[in-house]
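# Structural characterization, general
One-letter residues, chain by chain:
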Amino acid sequence: MNQKTVLRINEKILKNTLKCKKDFSCLSGKSLCQVEFNVGDKIHFVKCMSNEPCNYRVSFGYSFVCLCPVRKELFNRYNI
């Protein structure tokens, strides 16, 4: 993504992201977990650089799944 890309997230998705305690920092590129693998654009396995708690990161075996609607949209729409 270049610096001039405008990220547009559906208002409904933003409103459904009720558990975000990070003030949507992913939209500014901060604290963005890397999607390593996704299944049907619905299940996103992530690697997070920070151990900061996240209400949407769920342990799954030896990895984590991201349940954040905004993060999933960023990956599905912009491949970020």
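Figured I'd write up the structure that's included with this text. What you see is a predicted model, and the numbers here were worked out from it, not measured in a lab.

### Here we look at the nonpolar core
By size, the foremost hydrophobic cluster in this structure holds 13 residues, and its most contacted members are Ile-9, Val-46, Cys-68, Val-70 and Leu-74. Per-element accounting of this core gives the leading share, 3 residues, to helix H2 (residues 69-78). Among all residues touching Val-70, those that are not within four sequence positions of it are Ile-9, Ile-13, Leu-14, Thr-17, Phe-24, Cys-26 and Leu-27.

### A closer look at the pattern of salt bridges
Oppositely charged side chains can form a pair if their charged atoms are brought close together. All chains considered together, the criterion is met by 1 salt bridge. Glu-73 is the partner of Arg-77 in a salt bridge, and the nearest nitrogen-oxygen pair spans 3.2 Å. Remark: Glu-73 and Arg-77 occur in helix H2; sequence separation between them is 4 residues, near one turn of the helix. Residue Glu-73 is classed as buried on the basis of its relative accessible area, which comes to 14%.

### Notes on a nonpolar patch on the surface
A surface patch of nonpolar side chains, amounting to about 260 Å² of accessible area, comprises Phe-37, Val-39 and Ile-43. As for its placement among the helices and strands, Ile-43 is situated in strand S2 (residues 43-47). Using a relative accessible area of 39% as the deciding quantity, one classes Ile-43 as partly exposed.

### A word on the state of the cysteines
Counted under the stated rule, the structure contains 1 disulfide. Bridging Cys-33 to Cys-48, the disulfide has an S-S length of 2.0 Å. Across the S-S bond of Cys-33 and Cys-48 the torsion is about 105°, and the bridge reads as right-handed. In this pair, Cys-33 is assigned in the loop between helix H1 (11-16) and strand S1 (34-39) and Cys-48 in the loop between S2 and strand S3 (57-60), connecting sequence segments 15 residues apart. On the basis of relative accessibility, which here comes to 15%, the residue Cys-33 falls in the buried class. You can call Cys-48 buried: its relative accessible area is 17%.

What counts and what doesn't
Residues numbered from 1 in each chain as written. Predicted model: local features only at pLDDT ≥ 70, side-chain atom pairs only at ≥ 80, totals over all residues. Heavy atoms only, no water. Core = buried A, V, L, I, M, F, W, Y, C linked by side-chain atoms within 4.5 Å. Buried < 20%, exposed > 50% of the residue type's maximum accessible area, 1.4 Å probe, protein only. Helix = DSSP H or I, 4+ residues; strand = E, 2+ residues; numbered from the N terminus. Contact = heavy atoms within 4.5 Å. Salt bridge = Lys/Arg side-chain N within 4 Å of Asp/Glu carboxyl O. Patch = residues over 30% accessible without salt bridge, like charges linked within 9 Å, V, L, I, M, F, W, Y side chains within 5 Å. Areas by Shrake-Rupley, 256 points an atom, 1.4 Å probe, with all protein chains shown as cover. Disulfide = S-S within 2.5 Å.

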